[in-house]
Amino acid sequence: FEPQVLNTIHALNPDIQVCPLYGLWDLSLSGPQPGEANMVCPMAEMVILNPWMLKQAHAEGRQAFVWFGIIEHPVVMRFILALGADGLMVDDPVALANALGR
């Protein structure tokens, strides 16, 4: 998920889609994305602190797939989806299915 690596991958094959991962204290998704990514992956805990980052990604034409550092709970999953996340990356897909009522 290092920007230089994503740029190199994109340079080697522009058809490969890359998605930069944003972690602890990354509260903004603005600006040029590594590898010209049309997707971003912010940390759920940072989205909770700054929910506007999802709108920011969408305003820039990017999808946002949120990953969880610590707080992987069904209530938080539903909350993040309600904020506008395009998808979730979870360790427990059964918990996600239960959170979604499936």
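Right above here is the structure, for reference.
Residues numbered from 1 in each chain as written. Predicted model: local features only at pLDDT ≥ 70, side-chain atom pairs only at ≥ 80, totals over all residues. Heavy atoms only, no water.

Caption draft 1: Molecular detail of the overall build of the protein chain. Per the secondary structure count, the protein chain includes five helices and four strands. Element order for the protein chain, N to C, with α for helix and β for strand: α-β-β-α-α-β-α-β-α. In summary, the protein chain has a C-alpha radius of gyration of 14 Å against a globular reference of 13 Å for 102 residues, a match within 12%. On the principal axes, the C-alpha backbone points of the protein chain span a range of 40 × 25 × 20 Å. Within the protein chain, the proportion of its 102 residues that are buried is 38%. Expressed as a percentage of contacts within the protein chain between residues at least 6 apart in sequence, the contacts between residues at least 24 apart total 37%. Surface summary for the protein chain: the accessible area is close to 6,000 Å², and the carbon and sulfur share equals 60%. Averaged over its 4 positive side-chain charges, the protein chain has a centre that lies 13 Å from the centre of its 10 negative ones. (Helix = DSSP H or I, 4+ residues; strand = E, 2+ residues; numbered from the N terminus. Rg over C-alpha atoms; globule rule 2.2 N^0.38 Å. Buried < 20%, exposed > 50% of the residue type's maximum accessible area, 1.4 Å probe, protein only. Contact = heavy atoms within 4.5 Å. Areas by Shrake-Rupley, 256 points an atom, 1.4 Å probe, with all protein chains shown as cover. Lys, Arg positive; Asp, Glu negative; His and termini not counted. Charge placed at Lys NZ, Arg CZ, Asp CG, Glu CD.)

Caption draft 2: A look at the nonpolar core. Ranked by internal contacts, the top residues of the largest apolar core, which has 21 residues, are V66, M77, I80 and L88. Listing elements by their share of this core, those giving two or more residues are α2 (44-49), α3 (52-59), β3 (63-67), α4 (74-83) and α5 (93-99). For L88, the contacting residues outside a window of four places in its chain are V66, F68, M77, I80, L81 and L96. (Core = buried A, V, L, I, M, F, W, Y, C linked by side-chain atoms within 4.5 Å.)

Caption draft 3: Focus on the side chain of E45. Along the polypeptide, E45 turns up in helix α2. Buried charge E45 goes without a salt bridge, the closest partner of opposite sign being R78 at 16 Å. Within the local environment of E45, its side chain forms a polar contact with the backbone nitrogen of G69, the two atoms lying 3.2 Å apart. Apart from the residues lying within four places of it in its own chain, the contact partners of E45 are F68, G69, I70 and I71. (Salt bridge = Lys/Arg side-chain N within 4 Å of Asp/Glu carboxyl O. Polar contact = N/O pair within 3.5 Å; in protein donor to acceptor, adjacent residues only side chain to side chain.)

Caption draft 4: Region of interest: the state of the cysteines. Applying the stated criterion across every chain yields a total of one disulfide. One disulfide bridge connects C19 with C41, the sulfur atoms lying 2.4 Å from each other. For the disulfide bridge between C19 and C41, the dihedral angle about the S-S bond is near 110°, and by the sign convention the bridge is right-handed. Remark: C41 occurs in strand β2 (residues 39-42) and C19 occurs in the loop between α1 (3-12) and β1 (21-22); sequence separation between them is 22 residues. (Disulfide = S-S within 2.5 Å.)

Caption draft 5: Representation of the pairing of β3 in the model. By the alternation rule, side chains of β3 split into A64 and V66, which are all buried, and Q63, F65 and W67, of which none is buried. Inspection of the sheet shows β3 paired to strand β4 (residues 87-89) by three bridges, in the parallel sense. If you follow W67 over to β4, its bridge partner there is M89. You can see the chain leave β3, run along α4 and come back into β4, and the turn it takes is right-handed. (Pairing = 2+ DSSP bridges. Right-handed = clockwise from strand over helix to strand, strands pointing away.)

Caption draft 6: Geometry of unusual backbone geometry. You will see that W25, though not glycine, has its phi angle at about 70°, which is positive. Tracing the sequence through the fold places W25 in the loop between β1 and β2. Given a relative accessible area of 59%, W25 falls into the exposed group.

Everything listed here is a matter of geometry and, on its own, says nothing about what the molecule does.
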